[in-house]
Amino acid sequence: MRFIFGAQMAWHGVAVNPLRSGLTMLGVAIGVASVISLMGIGEGARLAVVRQFESLGSNVIVIKAHDAKAEFQPEEARELVERVSGLRYASPVTRTNAVMKWRRARGQVDILGVSSDFPQLRDHKLVSGRFFTPWHVEQRSPVAVLGYNIGAGLLGGRSPVGQTVTLNGQTFRIVGVLEKKGEGQGEGIDDKIIIPYTTAMKIAGKRTVDEIWVKAESAKAADLAIAQLGRIYRRKLGLDNKAPVPTGGEQKQGETPGEGPGTGKPVEPKPAPAPETPGKDSTPGLELGKDIITITNLNTLVEEADKANRVMTLLLGGIAAVSLLVGGLGIMNIMLVAVTERTGEIGVRRALGAKRSDLLMQFLLEALYLSGMGAAAGTAAGLWGVGIFNRYGLTAVVSLEAVKVAVLVALGCGLLFGVYPAWTAASVPPVEALRR
Amino acid sequence: MPLIELRGITRWYRNGRVVINALSDIDLAVGKGEFVTIMGPSGSGKSTLLNIIGCLDRPSGGEYILDGMRVERLSDDKLSEIRNRYIGFVFQSFHLLPGLDAMGNAELPLIYRGVGAAERRRRVRQALEAVGLSDRIHHKPSELSGGEQQRVAIARALAQEPLLILADEPTGALDSKTGRTIMELFRKLNAERGITIIMVTHDRDMARYGHRIVKLLDGRIKEEELVG
Ligand SMILES: Nc1ncnc2c1ncn2[C@@H]1O[C@H](COP(=O)(O)OP(=O)(O)O)[C@@H](O)[C@H]1O
Ligand SMILES: [Mg+2]
């Protein structure tokens, strides 16, 4: 009963001075809106990066040689699946480019040479046709699977499967078209042509590959496989395998001067001058000079990118929260003014029987109204802002967490900054208040 | 037993090193149904005395017994309750809330008492009728004349059905003709409803509406005079 009237009177206090209340609310609203929209941008950036990594497939490990002498025999890919437990799919990878001719048009295209494991490895489906087979790979067949954009471009949306294109003068039969990954996703796979690695090696004129992709059964299997792969390649490079095995996302196998890979001559490990991996795990005894082979667990990269971007989101939110705090101070300011201005009212209410708690409640509720309505307006503006960002090319998402935090902080500010003025109001002695 | 009994009441203010004795050693008894006026020059302590009687202020010393209760021992909340149940105030500057209409202002004490809406409205309507403002129920203070505003304040007190009405120079801001209608109203309420009234005034003519005049000088009761 008393509470309901307290609420009504507090509302009256807000409504009696609409301009001032509006401006105070605006302060809170701007704070809430900036928290929501800035955290929206941060969260959008995070999701974009995560999606980019995820578009490369889950539980994928990339083994890369950075030195021509350390490059791999394509057969190694299959051997790894047999030797390392937990690995499912593998593909040697060759990147090259070629001049493509389609009817009268010609142009340069990126070529990706892989094994028939590619669709499973990269979690990539086809929109039409099918992927090439192990037999195609073995036969170095001139077959091609097109990235989505290329596939869609040829016949204006009709499936080009069964047609032929020319790559560097050789005629290739189109057997399939990959699903769309989206702009910037999957290393731009939508704009590439995928052919058997054997065929691609012939085009590139190479006998070895500098990259192998393997896929583990699970995230845990990927972690274990990383360790095992590390041992295998260290031994292969002639490095000691007693050194501690790193568990991190990226392992770098140190260079052994004068020793090519596979010469089989054991070499003593070189003492490490300093751990140099920028990430978490250092591998003492392994780093020396530049890296010859890197083994990267893409899962870990996703996690790291995710973590870094979370920090950025929090930072943005923190900056925005300052403006929210300023909005809260605005409430306190206006409530203090209200208390001073309305001592007469306070005195009258006290004379008529209002208790201190009644006035405390009334002024506190008034502050809460201001902050609550400011928060509501700010949420609306924040959501609208996220929409605007999206329309103009910035990926922003509405994070429910940001909305929750912003609204709670705004209400908390209202409460926190309302308590002092309300307490002041309640503490004015009735005689003092009536004297004005 | 008198409704109000003051024994040796003092009230002083400390202003830096200076101590101001606003009231010294006041003994006063007011019976139920009396109409007492307090007179005295400016600064003689009239308002201070009225505020203590009205439980808006606490004495620095002495005893104050209101309807058998030792007031100076009561908590702040209890004093609020006493003001709310027993005492109606009428001030020189009316002290109406500008944002509320006559109804809203007059129902305030009943809101703090927790009276339900229908009952509140009924009592406020009656009170406004008693002061002749039935046709001004939804007027805000700024839309009323001084005399009308003071009558809203009296209606606000009446709606409380108080034992006691305290009026601090209620006609001070009004012209003498309007002042007299307010005084007539007080006399009527006192005679017909038996409400005890204590009123502070400067004006001898207004003071003569009461039964008894208490004269203050420098915080002391100089003399009491029965109105013949
Ligand atoms: N809050 C206060 N602080 C200091 N002095 C006060 C205060 N209130 C009243 N006084 C002093 O007490 C004396 C009596 O004041 P008051 O009761 O208002 O007189 P009156 O109503 O008779 O004009 C005056 O001298 C006044 O200055
Ligand atoms: Mg006075």
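Cut-offs and rules
- Residues numbered from 1 in each chain as written.
- Chains lettered and ligands numbered in written order.
- Predicted model: local features only at pLDDT ≥ 70, side-chain atom pairs only at ≥ 80, totals over all residues.
- Heavy atoms only, no water.
- UniProt positions renumbered as here; feature names shortened; annotations may be inferred.
- Phe/Tyr/Trp six-rings, centres within 6.5 Å; stacked < 30°, edge-to-face > 60°.
- Helix = DSSP H or I, 4+ residues; strand = E, 2+ residues; numbered from the N terminus.
- Buried < 20%, exposed > 50% of the residue type's maximum accessible area, 1.4 Å probe, protein only.
- Salt bridge = Lys/Arg side-chain N within 4 Å of Asp/Glu carboxyl O.
- Near = heavy atom within 4 Å.
- Polar contact = N/O pair within 3.5 Å; in protein donor to acceptor, adjacent residues only side chain to side chain.
- Areas by Shrake-Rupley, 256 points an atom, 1.4 Å probe, with all protein chains shown as cover.
- Nonpolar A, V, L, I, M, F, W, Y, C, P; charged D, E, K, R; others polar.
- Pairing = 2+ DSSP bridges.
- Patch = residues over 30% accessible without salt bridge, like charges linked within 9 Å, V, L, I, M, F, W, Y side chains within 5 Å.

The name recorded for chain B in an unreviewed UniProt entry is Putative ABC transport system ATP-binding protein, from Thermosediminibacter litoriperuensis.

Looking up chain A in an unreviewed UniProt entry gives the name Putative ABC transport system permease protein, with the organism given as Thermosediminibacter litoriperuensis. Among the UniProt annotations of chain A, the heading Subcellular location (unreviewed entry) holds the following wording: "Cell membrane". The UniProt entry for chain A carries the following text under Sequence similarities (unreviewed entry): "Belongs to the ABC-4 integral membrane protein family."

Student: Help me out: how do you make sense of the packing of aromatic side chains in this one?
Tutor: Aromatic ring pairs are described here by two measures, namely the spacing of the ring centres and the angle between the planes. Residues and elements named next belong to chain A. All told, the structure shown has six aromatic pairs over all chains when counted by the stated rule. Summarising the aromatic geometry, the rings of Phe118 and Phe131 are spaced 5.5 Å apart at their centres and angled 10 degrees between planes, so their arrangement reads as stacked. Linking Phe118 in helix H4 (residues 118-121) with Phe131 in the loop between strand S4 (126-129) and helix H5 (134-138), this pair joins segments that are 13 residues apart in sequence. The same class applies to Phe118 and to Phe131, which are both buried.

Student: I would appreciate a short explanation of the pattern of salt bridges in the present structure.
Tutor: Once their charged atoms are close, side chains differing in charge can pair, the charge on each being opposite to the other. With the rule as written, the count across this model stands at 38 salt bridges over all chains. For Glu211 of chain A, the salt bridge identified is with Arg95 of chain A, shortest N-O distance 2.9 Å. Remark: Arg95 of chain A occurs in strand S2 (residues 87-102) and Glu211 of chain A occurs in strand S9 (residues 211-216); sequence separation between them is 116 residues. Accessibility expressed as a relative area gives 3% for Glu211 of chain A, which makes it buried. Judged by its relative accessible area of 37%, Arg95 of chain A is partly exposed. When the shortest N-O distance is used, the salt bridge between Lys355 of chain A and Glu81 of chain B registers 3.5 Å.

Student: Would you take a moment to explain the site of ligand 1 for this structure?
Tutor: Ligand 1 sits among 13 residues. The nearest are Arg435 of chain A together with Gly43, Lys46, Ser47 and Thr48 of chain B. Looking at what sits near ligand 1, you find residues from chains A and B. Here Arg435 of chain A contributes a side-chain N or O atom positioned 3.0 Å from a nitrogen atom of ligand 1. One of the backbone nitrogen or oxygen atoms of Ser44 of chain B is found 3.2 Å away from an oxygen atom of ligand 1. Bound to the protein, ligand 1 loses 71% of the 560 Å² it would expose on its own. Broken down by secondary-structure element, the contributors of at least two residues to the shell around ligand 1 are helix H13 (430-435) of chain A together with strand S2 (18-30) and helix H1 (46-53) of chain B. In terms of residue count, the dominant contributor to the shell around ligand 1 is H1 of chain B (three residues). In terms of residue class, the shell around ligand 1 is built from four nonpolar, six polar and three charged.

Student: Even after reading the chapter, I still don't get the pairing of S2 of chain A, so can you show me in this structure?
Tutor: It is a general feature of regular strands that their side chains alternate between the two faces of the sheet. Residues and elements named next belong to chain A. Sheet topology places S2 next to S9; six bridges connect them, and they run antiparallel. Among the inter-strand pairings, Pro92 is bridged to a residue of S9, identified as Ile212. Hairpin connection between S2 and strand S3 (residues 105-114): a loop of two residues separates the two successive antiparallel strands, and Arg103 in this loop has a positive phi of roughly 50 degrees. Pairing of S2 with strand S6 (residues 164-167), which is carried by two bridges, proceeds in the antiparallel orientation. Pairing of Met100 across the sheet is with Leu167, part of S6.

Student: What is the right way to look at a nonpolar patch on the surface in this model?
Tutor: On the surface, a cluster of nonpolar side chains totalling about 420 Å² of accessible area is made up of Leu19, Leu23, Leu26 and Ile30 of chain A. By secondary structure assignment, the location of Leu23 of chain A is in helix H2 (residues 18-54).

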